[in-house]
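Analysis of the macromolecular model
Chain by chain, the residues:
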Amino acid sequence: MFAAVPYSSIHILHYYNFRSAQRYTAFFESVYQTRKLGMHLDKVLKPVAGETVLILSTSHRGDSDQRYLVMAKVIKVPN
């Protein structure tokens, strides 16, 4: 896991085209600019365009304007 942060309730896949390196980078830059209580960011593990990331989203304290995102890189294990 590299991030666990409160984030807006926008539909991430609707607003960010992760096939575009520029949009991919823009999304993670917005995540890393977040400054809120209850967040965790690992700057060493920050993803770069082309890496596969798993993003889990859940409600955040009953606030319909925010989601809580938990993110991890998908690591390929050699056979």
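Placed above this text is the structure.
A few points about the overall build of the chain
Looking only at helices and strands, one finds 2 helices and 4 strands in the chain. Listing each helix as α and each strand as β along the chain from the N terminus yields β-α-α-β-β-β. The globule rule puts the C-alpha radius of gyration for 79 residues at 12 Å, and the 13 Å found for the chain is close to it. Referenced to the eigenvectors of the C-alpha coordinate spread, the extents of the chain come out at roughly 40 × 25 × 20 Å. Out of the 79 residues in the chain, the part that is buried amounts to 25%. Sequence-distant contacts in the chain: of pairs separated by 6 or more residues, those separated by 24 or more amount to 58%. Of the charged side chains in the chain, 10 are positive and 5 negative; the average position of the first set lies 3 Å away from that of the second.

Considering a nonpolar patch on the surface
A cluster of nonpolar side chains, Leu-54, Leu-56 and Val-74, forms an exposed patch at the surface whose accessible area comes to about 270 Å². Position of Leu-56 relative to the elements: it lies in strand 3 (residues 53-60). Leu-56 gets classed as partly exposed once you look at its relative accessible area, which sits at 47%.

Quick word on the nonpolar core
Ranked by internal contacts, the top residues of the largest apolar core, which has 13 residues, are Phe-2, Tyr-7, Phe-27, Phe-28, Val-31, Leu-69 and Met-71. If we ignore the near neighbours within four places in the chain, the residues touching Tyr-7 are Tyr-16, Phe-27, Ser-30, Val-31, Thr-34, Asp-65, Gln-66, Arg-67 and Leu-69.

Concerning the sheet that holds strand 1 (residues 3-8)
Read from one edge to the other, the open sheet built from 4 strands follows the order 2-1-4-3, with strand pairing classed as antiparallel. Every interior strand has two partners, whereas the edge strands, strand 2 (40-41) and strand 3, have only one. Bridge count between strand 1 and strand 2: 2 bridges; the pairing is antiparallel. Along strand 2, the bridge assignment pairs Ala-4 with His-40. Helix 2 (residues 21-32) rests against strand 1, strand 2, strand 3 and strand 4 (63-73) of the sheet, and its axis sits at about 95° to strand 1.

The rules we used
Residues numbered from 1 in each chain as written. Predicted model: local features only at pLDDT ≥ 70, side-chain atom pairs only at ≥ 80, totals over all residues. Heavy atoms only, no water. Helix = DSSP H or I, 4+ residues; strand = E, 2+ residues; numbered from the N terminus. Rg over C-alpha atoms; globule rule 2.2 N^0.38 Å. Buried < 20%, exposed > 50% of the residue type's maximum accessible area, 1.4 Å probe, protein only. Contact = heavy atoms within 4.5 Å. Lys, Arg positive; Asp, Glu negative; His and termini not counted. Charge placed at Lys NZ, Arg CZ, Asp CG, Glu CD. Patch = residues over 30% accessible without salt bridge, like charges linked within 9 Å, V, L, I, M, F, W, Y side chains within 5 Å. Areas by Shrake-Rupley, 256 points an atom, 1.4 Å probe, with all protein chains shown as cover. Salt bridge = Lys/Arg side-chain N within 4 Å of Asp/Glu carboxyl O. Core = buried A, V, L, I, M, F, W, Y, C linked by side-chain atoms within 4.5 Å. Pairing = 2+ DSSP bridges. Axes fitted to C-alpha atoms, helices over the stretch in contact; angles between N-to-C directions.

Any functional reading would require information beyond the geometric quantities listed.
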